[in-house]
Amino acid sequence: MSKLLSILDIAKAAVGFSRPLKKGEEYYERGMLLVVGIKAKTDEKLAIQALAAKTSGVMDKPHEIEVVLNLGMEAGDKVEKLQCSCKAGQSEKCKHVIATLIHLNRTDEEDVEDPTCMDLEQQWGVLKPQHVQNFKPRRTQDLCHVAERKTPFVQSVPPVTPEMRAKWKNILIRCKSHS
Ligand SMILES: [Zn+2]
């Protein structure tokens, strides 16, 4: 089974811009891309949707990415549409879009989540409690090593671990088996 996207497609999507490539790869390696799934499929076209955690506020609703691939085209010409709900996403050059393309470059089509599981609102509803729990703000007074200061809150943002990703994956599989 071949991968969905060639590295040529990623290069083309970021042509002229190295920053989104660098940032997108870092973002992907940190596991910030929460879900990637197939939204719709025809013989030639494949619509992919993804959720990407906000680095500025991980408890917020994530960015939504949409990628449409034309599978009938040659490598390098497969990406038909790129869109992200973030500000930079309007120009198709944001790190979330690049992270999604990197995921598609490393994933077999059969391993991309099933479309029946890709209701974004529902996905986020399932993911949120755990996701948020891992990023709970804590009062500085509760941290033994922090002397009391005027700023009452500190946000503790640990990196996303493989365990967290495995947990999310399990939720998705459960959700899939119910559909
Ligand atoms: Zn974006």
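Within every chain, residues take consecutive numbers counted from 1 along the sequence as written. This being a predicted model, a pLDDT of at least 70 is required before a residue's local features are given, and a value of 80 or more before pairs of side-chain atoms are given or counted; all residues contribute to the totals for chains, interfaces and linings.

An unreviewed UniProt entry lists the protein chain under the name Anthranilate synthase component 1, from Frankliniella fusca.

Asker: What should I look at first to understand helix H3 (residues 95–105) in this one?
Answerer: For the α-helix, the turn length of 3.6 residues means that residues three or four positions removed from each other point alike. Here exposure depends only on C-beta density: within 10 Å of a residue's C-beta, 20 or more other C-beta atoms make it buried, 12 or fewer make it exposed, and intermediate numbers make it partly exposed, the C-beta atoms being placed from the backbone. Think of it this way: any DSSP run of H or I at least four residues long counts as a helix, any run of E at least two long counts as a strand, and we number them from the N terminus. Taking burial as the measure, the 11 residues of H3 include 9 buried ones, the bulk of the element. Residues of H3 that are buried: Lys95, His96, Val97, Ile98, Ala99, Thr100, Leu101, Ile102 and Leu104. Any pair of residues counts as being in contact when their C-beta atoms, constructed from backbone geometry, are within 7 Å of one another. Elements that come into contact with the buried residues of H3 comprise helix H1 (7–13), helix H2 (19–29), strand E1 (33–41), strand E2 (45–52), strand E3 (63–70) and strand E4 (79–84).

Asker: Can you walk me through the sheet that holds E1 in this structure?
Answerer: By definition, the strands of a sheet pair up through backbone hydrogen bonds, in either a parallel or an antiparallel sense. Reading across from one edge, E1-E2-E3-E4 is the order of the 4 strands in this open sheet, with antiparallel pairing throughout. Sheet topology places E1 and E4 at the edges, where each strand pairs with a single neighbour. Pairs of neighbouring strands in the sheet enclose a mean axial angle of 15°, with direction left out of account. Where E2 and E3 come together, 8 bridges link them in antiparallel fashion. Bridge pairing in E3 links Ile48 to Val67. The convention used is that axes are lines fitted to C-alpha atoms, helices contributing only their stretch in contact, and that angles between N-to-C directions extend from 0 to 180 degrees. Its contacts with the sheet place H3 against E1, E2, E3 and E4, and it is angled at close to 50° to E3. In this analysis, strands are considered paired if DSSP registers two or more bridges between them.

Asker: Is there a simple way to think about the environment of Leu104 in this case?
Answerer: Mapped onto the elements, Leu104 comes out in helix H3. Looking at Leu104, the number of C-beta atoms within 10 Å reads 25, which means it is buried. The residues touching Leu104, leaving out its near neighbours within four places in the chain, are Leu4, Leu5 and Ile48.

Asker: Is there a simple way to explain the packing of H2 against H3 in this structure?
Answerer: Helix-helix packing is described using two parameters, namely the angle between the two axes and the distance between the axes. Two numbers describe how H2 lies on H3: the axes approach to 8 Å, and their chain directions differ by 65°. Judged by the twist between their axes, the crossing of H2 over H3 is right-handed. For the pair H2 and H3, contact is made by Pro20, Leu21, Lys23, Gly24, Glu25, Tyr27 and Tyr28 and by Lys95, Ile98, Ala99, Ile102 and His103, respectively. Looking at side-chain class alone, the contact of H2 with H3 contains 7 nonpolar, 2 polar and 3 charged residues. When the near helix sits turned anticlockwise from the far one by under a right angle, the crossing is termed left-handed; a clockwise turn instead gives a right-handed crossing. Gly is put with the polar residues, along with every residue not named as nonpolar or charged; the nonpolar set is Ala, Val, Leu, Ile, Met, Phe, Trp, Tyr, Cys and Pro, and the charged set is Asp, Glu, Lys and Arg.

Asker: Where do I start with the pairing of E3 in this structure?
Answerer: Two faces make up the sheet, and in a regular strand the side chains alternate between them. Side-chain alternation along E3 places His63, Ile65, Val67 and Leu69 on a buried face and Glu64, Glu66, Val68 and Asn70 on a face that remains uncovered. Here E3 pairs with E4 via 5 bridges, running antiparallel. When the bridges of E4 are listed, Ile65 appears paired with Cys84.

Asker: Is there a simple way to think about the environment of Glu44 in this case?
Answerer: Within the element layout of this structure, Glu44 appears in the loop between E1 and E2. Sequence-wise, Glu44 and Met73 are 29 residues apart; in three dimensions their C-alpha atoms are separated by 8.7 Å.

Asker: Would you mind showing me how to read the nonpolar core here?
Answerer: Most often, soluble globular proteins have nonpolar side chains that are buried together. We define the nonpolar core as any set of buried residues of the types Ala, Val, Leu, Ile, Met, Phe, Trp, Tyr and Cys, connected via C-beta atoms lying within 7 Å of each other. Judged by nonpolar contacts, the single largest core of 31 residues is most densely connected at Ala13, Leu33, Ala50, Ala52, Val97, Ile98 and Leu101. Going through the elements one at a time, H1, H2, E1, E2, E3, E4 and H3 are the ones with two or more residues in this core. If you tally residues by element for this core, the top one is H3, at 6 residues. Here Leu33 is in contact with Tyr28, Ala50, Ala52, Ala99, Thr100 and His103, once residues within four sequence places are set aside.

Asker: So what exactly am I meant to see when it comes to H2 here?
Answerer: Within H2, the full set of buried residues consists of Pro20, Gly24, Tyr27 and Tyr28. Taken down its axis, H2 places every buried residue within 95° of arc, on the same side. For H2, the exposed residues lying more than 90 degrees away from the buried face are Arg19, Glu26 and Glu29. Residues of H2 that are buried make contact with E1 and H3. Within two residues after H2, Gly31 carries a phi angle of roughly 75°, on the positive side. This arc is built from the directions going out from the helix axis to the C-beta atoms.

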